[in-house]
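Notes for the structure review
As a plain string of letters, each chain reads:
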Amino acid sequence: MSLFRFVPFLLLIFTSQTSEAQTDSVFQNLQQFPEKYFPKLDTKIDKYSNRITGKTEKTLTKLGRWENKIKSLLQKANPEAATRLFGEGKMTFTSLLKKLKEGQEVADGYRSQYNEYRDKLNTNLRYIETQKKELNAKLIQPVKTTSKKLNELEDEIKNTEVIEQFIKQRKKQLIDESLKYLGKNKYLTKINKEAYYYTETLRNYKEIFSDPVKFENLLAGLLKKIPSFNDFFNNNNGLSTLLQSGTGPLAASSGNATNYSALGYQSNASIVQNLQQRNLSAPNIQQLTQTNANALNSPLQELKNRFPNLNSTEDMPDFKPNEMKSKTFKQRLEPGANLQFGKATNFLPGTADIALQMAYNLNSKSSVGLGTVYKLGLGSSINNIKLSFAGIGLRSFLDWKLKGNFFANGGFEYNYNTTFKSIRDLPSINSSAISLWKPAALLGINKKYNAGKMKGNMMVLYDFLAKQKLPQTQSIVFRIGYNF
């Protein structure tokens, strides 16, 4: 019996030691947080915020200008239609932009779409705020600042989502009403395209923001080592809260079943019942609907495969979009390098032109770019190899897709085939020493291919000015390169 008296005491000691160990674990991991983490996260949040806000204002400005053009045309063609679209109390692109700039509530009562990345980020910050006693004192204020910025970002995202839906609805109103009296008008076409690119650009910005960088993965790794964090995350992240609460749009009225009616979907039973009421003579409506659904599944799946980012058939463009228009400037840049060898002559040694270039993608079929060349002297023959600096070159080029992986490539270049010690020693291309810069006008074929993580290319070009140079250079130029 004496042994049982010590059991509660032993359990108390074990529990105390476990709690102390967990506290030490929390303290040790939270103390490892780098001080630069939260300022970096602030910069990322600010960048995303500025992007979506700036894009929204630019888009509404364009749409408002074109909308006013349609208003003027409609007032002449059919004043009644103009009143229906632009009458008193009607929300327009211009009035929405004014409301946004004045800081008025745009997304009153709206709940933003769930995003896994922002949910994790918000939950991580809320947990860190609960551990202020264990946190480095220097990090307390940065944590508050980052949490505030994240909350403000959520409000801005709500605004953009509401505005995105309004743009779709307003676009449909304008097209449906104006087509009757104006026909296929250029302003309607512009509104249609701008609405599509706005949605795609916001989607791209979201993907960029939702891609965790190295320092974020470091924070996540430190937090996962804390047992209390894992419990906190499982019970307090946005998705679990949404599913567990009885007020969320995904919460069912009873049990754990998802309430799809709250999302605007009809149940199978209600669809079948409506069909039976309208077509009492059909022998088996339920079997008929199931058969038709299976028949439609294949083409619908094909459309989903072709347009994986589209939410509905209404989002499918009725024009051929330029996918680059929704990309950032940085995403449209494509750095690369290529190599070209020159034959040795009586006047010039053999050379290797090592070029670095930067291409800017105009669309999926064409790009323009600039490049610079370092000319490496190789010597006069295989028996007399001598590496030396042999000059520099400047390039401009244009790539245009022909078919498959074949592109037409053309460009204009200047080559300076003389050594120099300093950039100051280089004569200006516009100076009297222009003869020292040898021009080249090139046109040919560029074959692109996949080379692992990089893209390889081989070019065969013809220099139309080769025979005009003194001394003459090779007319046929072969280059091999890679884009990163």
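What this report covers is the structure whose coordinates are included nearby. (Residues numbered from 1 in each chain as written. Predicted model: local features only at pLDDT ≥ 70, side-chain atom pairs only at ≥ 80, totals over all residues. Heavy atoms only, no water.)

Considerations on helix 8 (residues 186–209)
Each turn of an α-helix holds 3.6 residues, which means side chains three or four residues apart point in the same direction. As a reminder of what qualifies: Labels follow the DSSP assignment, with helices taken as runs of H or I lasting at least four residues and strands as runs of E lasting at least two, numbered in each case from the N terminus. What a helix is expected to span follows from its residue count: subtract one and scale by 1.5 Å. The term polar contact refers here to a pair of N or O atoms within 3.5 Å; inside protein, the definition further demands a hydrogen-donor-capable atom paired with an acceptor-capable atom, and it admits residues adjacent in sequence only when both atoms are side-chain atoms.
Between its terminal C-alpha atoms helix 8 stretches 34 Å, which fits the 34 Å expected from 24 residues at 1.5 Å a residue. Backbone nitrogen of Tyr187 and a side-chain oxygen of the N-cap are separated by 2.7 Å at the start of helix 8; the cap is Asn185.

Side note on helix 6 (residues 116–130)
Spelled out, the test is: Throughout this description, buried means an accessible area under 20% of the type-specific maximum (1.4 Å probe, protein chains only), exposed means over 50%, and partly exposed covers the range between.
In this model helix 6 runs 21 Å from its N-terminal to its C-terminal C-alpha over 15 residues, within 8% of the 21 Å that 1.5 Å per residue would give. Where helix 6 is concerned, the buried positions are Tyr117, Arg118, Asp119, Leu121, Thr123, Asn124, Leu125, Tyr127 and Ile128. Between a side-chain oxygen at the N-terminus of helix 6 and the backbone nitrogen of Tyr117 the separation is 3.2 Å; the capping residue is Asn115.

A closer look at empty space enclosed by the protein
Counted only if it meets this: Cavity means a closed set of points on a 1 Å grid over the protein atoms alone, one where a 1.4 Å probe fits but cannot get out, pocket means an open set with protein on both sides within 12 Å along at least 5 of 7 lines, and lining means a residue has an atom within 4 Å of a point. Grid points are joined across faces, edges and corners, and a volume is the space filled by probe spheres set on the points.
Tallied over the entire structure, the rule returns one cavity of 30 Å³ or more. Taken as a whole, the largest cavity encloses approximately 200 Å³ of empty space. The wall of the largest cavity is formed by 21 residues, among which Asn338, Gln357, Phe397, Asn409 and Met459 lie closest to the centre. Among the elements of the structure, strand 1 (333–342), strand 2 (350–361), strand 4 (384–403), strand 5 (406–416), strand 6 (437–451), strand 7 (454–463) and strand 8 (476–483) are those that each provide at least two residues to the lining of the largest cavity.

Focus: the pairing of strand 8
Convention followed: Here the rule is simple: two strands pair whenever DSSP picks up at least two bridges between them.
Covered by surrounding structure in strand 8 are Val477, Arg479, Gly481 and Asn483 only, the residues Ile476, Phe478, Ile480 and Tyr482 on the alternate face being uncovered. As paired elements, strand 7 and strand 8 share eight bridges and run antiparallel to each other. When the sheet's bridge partners are listed, Val460 is paired in strand 8 with Phe478.

Quick notes on the side chain of Asn338
Just so we agree on the cut-off: In what follows, a contact means two residues having at least one pair of non-hydrogen atoms within 4.5 Å.
The topology assignment puts Asn338 in strand 1. Reaching out from Asn338, the side chain makes a polar contact with the side chain of Arg395 at a distance of 2.9 Å. The residues touching Asn338, leaving out its near neighbours within four places in the chain, are Asp353, Ile354, Ala355, Gln357, Arg395, Met459, Arg479, Ile480 and Gly481.

By themselves, these figures tell us nothing about what the structure is for.
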